[in-house]
Amino acid sequence: MKQQETVTRHICPRNCYSSCSILGYTNNGRLEKVSGDPKHGYTNGLLCPKGYQYVQIVNHPERLKYPMRQLPRGSGNWERISWEEAIDIICGKIIELYNRYGTHEALALNKYSGNMGVLHHAMEGFFNSLGKTSRAVGNPCWSPGMDAFYYSLGGFRTSDIADILHAKTIILWGINPAWTSIHAMKYIYGAQMRGAKVITIDPVYTETAKKSDVYIQVKPNGDGALAVAVAKYIIEKELFDEKFIHEHTVGWRELVAHLQQLSMEEALKQSGQTLEAIQFLAKTIAVEKPVFIWLGFGMQRHKSGGNNIRAILA
């Protein structure tokens, strides 16, 4: 480190699993370098390519630093305005709507994720202070999976990622951590070195699938059918833990009765699998324990996604 440099600690604000700890190196107030913090227990000094790009993002000559207004709308002609002008425009519109309708319900808040810091949630406080406003409720890519957990398990809890090290079978279902959660890979590799079997289930032959012991290519939207086929086989061959079911579950008889009405042939067709693949997956889940199943976000982003996840949980 140069003598005149200052090192500061930061947390990456991107909306991903890792919340990487970052060291920022500045010289005379200018950011010159970033690195991962080796003292961070999970990320251990490693950043993803986006993290290493912060120097270019901060110092890019075309980075937006001031409010810009497009006149007329849709023209692509932008002009710089002052912060005072920007605030006046926003506040003026809010006041205009209130004067027109006598309520703030014409003011709508519709936001999702992004950089999930404290300031990201300050907007709700501002809108709440105005009284009644319009809000978009729910979420297009998160709620189906969360609801599936609440309906099936009564709540939502997740394992510590380090628990992967204790698994004999790791099922990466619709998730590609080799690209999207690189810090988790060291735990997956560590489990493999201890003898764990890694199975990737995905419509796409991903980088994670390449690094797995087994790849099962499910048809798009066929995840629920795959789970149904596995469950039917487990029940038919009595590979389930009857003591655990009796002590810790409700609805077992109803589940069995429902599965008996479903066709194995149709489940194989919808999932794009052979019976041999179902036998392998069912026996592995039932025998090669403990099993760590990691579900990706992708499968819940369509109309039957929540039910697919419920089938997997069942």
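For every chain, the first residue of the written sequence is number 1, and numbering continues from 1 onward in sequence order. Local features are withheld for residues below a pLDDT of 70 in this predicted model, meaning they are given only at 70 or higher, and side-chain atom pairs are given and counted only at 80 or more; totals for whole chains, interfaces and linings count all residues. The basis for the side-chain values is all heavy atoms of the structure; hydrogens and waters are excluded.

With respect to the packing of aromatic side chains
We describe a pair of aromatic rings using the distance from one ring centre to the other and the angle between the two ring planes. Put simply, the rule is: Within 6.5 Å between ring centres, the rings of Phe, Tyr and Trp (the latter by its six-membered ring) count as paired, and their orientation is classed by plane angle as stacked under 30 degrees, edge-to-face over 60, tilted in between. Comment: elements are numbered from the N terminus, with helices defined as DSSP H or I runs of at least four residues and strands as E runs of at least two. Accessible area is worked out with a 1.4 Å probe on protein chains only. A residue is then buried under 20% of its type maximum, exposed over 50%, and partly exposed in between.
Applying the stated criterion to the full structure yields five aromatic pairs. Plain terms: the ring middles of Tyr205 and Tyr215 are 5.2 Å apart, the flat faces sit at 55 degrees to each other, and that makes the pair tilted. Taken together, the residues span a long stretch of sequence, with Tyr205 in the loop between strand E9 (197-201) and helix H8 (207-210) and Tyr215 in strand E10 (residues 214-216) at a distance of 10 residues. Relative accessible area serves as the criterion here: at 48%, Tyr205 is assigned to the partly exposed category. Exposure remark for Tyr215: the relative accessible area of 24% places this residue in the partly exposed category. With a centroid separation of 5.0 Å and 55 degrees between ring planes, the pair formed by Phe240 and Trp252 is classed as tilted.

Describing the environment of Val230
Condition: Should any heavy atoms of two residues lie within 4.5 Å, those residues are counted as being in contact.
In this fold, Val230 is placed in helix H9 (residues 223-236). A sequence separation of 82 residues divides Val230 from Ile312, and the C-alpha atoms of the two residues are 9.2 Å apart. Ignoring sequence-local partners within four residues, the contact set of Val230 consists of Ile278, Leu281, Ala282 and Ile285.

Points about the sheet that holds strand E2 (residues 21-27)
Put simply, the test is: For two strands to be treated as a pair, DSSP must find at least two bridges joining them. The axes are straight lines fitted to the C-alpha atoms, using for helices just the contacting stretch, and the angles between their N-to-C directions are given from 0 to 180°.
One open sheet holds the three strands; their spatial order is E1-E2-E3, and the pairing between them is antiparallel. Each edge of the open sheet carries a strand with a single partner, namely strand E1 (5-11) and strand E3 (30-36). Strand-to-strand twist in this sheet, taken as the mean axis angle between neighbours without regard to direction, amounts to 25 degrees. Sheet analysis places E1 next to E2, joined by seven bridges and oriented antiparallel. For Thr6, the partnering residue across the bridge sits in E2 and is Thr26.

With respect to the sheet that holds strand E11 (residues 291-295)
Spatial strand order, E10-E9-E8-E11: four strands in an open sheet with parallel pairing. Each having just a single partner strand, E10 and E11 make up the two edges of the open sheet. For this sheet, the mean inter-axis angle between neighbouring strands, taken without regard to orientation, is 15 degrees.

Describing helix H7 (residues 185-193)
Taken as a whole, H7 has its buried residues at Met185, Tyr187, Ile188, Gly190 and Ala191. The inward-facing, buried residues of H7 abut strand E8 (169-173), helix H6 (177-180), E9 and E11. Gly195 sits one or two positions beyond H7 and adopts a positive phi of about 105 degrees.

Quick look at the side chain of Asn27
Position of Asn27 relative to the elements: it lies in strand E2. Under the relative-accessibility criterion, Asn27 is labelled buried at 11%. With residues near it in sequence (within four places) discarded, Asn27 still touches Gln4, Glu5 and Glu32.

Quick look at the environment of Ala106
When you line up the elements, Ala106 lands in the loop between helix H3 (83-101) and strand E6 (108-109). Separated by 27 residues in the primary sequence, Ala106 and Thr133 have C-alpha atoms spaced 6.8 Å apart. Leaving out residues up to four positions away in the same chain, Ala106 has contacts with Leu97 and Tyr101.

Focus: the side chain of His104
Mapped onto the secondary structure, His104 falls in the loop between H3 and E6. For His104, a relative accessible area of 13% puts it in the buried group. Setting aside residues up to four positions removed in sequence, His104 forms contacts with Ile94, Tyr98, Leu130, Lys132, Thr133 and Ser134.

Describing the nonpolar core
Defined as follows: To qualify as a nonpolar core, a set must consist of buried Ala, Val, Leu, Ile, Met, Phe, Trp, Tyr and Cys residues joined through side-chain atoms within 4.5 Å.
Grouped together as the largest cluster of nonpolar side chains are 30 residues, with contacts concentrated most on Trp173, Ile201, Leu226, Val230, Ile278 and Leu281. Where this core is concerned, the elements lending two or more residues are helix H5 (143-153), E8, E9, H9, helix H11 (252-261), helix H12 (264-271), helix H13 (275-287) and helix H14 (305-313). Among the elements that make up this core, the one with the highest residue count is H9 (nine residues). With residues near it in sequence (within four places) discarded, Trp173 still touches Ile201, Asp223, Leu226, Ala227, Trp294, Leu295, Gly296, Met299 and Ile312. Counting residues in each nonpolar core, the second largest holds 16 residues, with Ile175, Ala178, Met185 and Trp294 among its members.

Things to note about the pairing of E8
Counting buried positions along E8 gives five out of five residues, so the element sits mostly inside the fold. Side-chain alternation along E8 places Thr169, Ile171 and Trp173 on one buried face and Ile170 and Leu172 on a second face that is also buried. In this sheet, E9 lies alongside E8 in parallel orientation, the contact comprising five bridges. Note on E9: the bridge partner recorded for Ile171 is Ile199.

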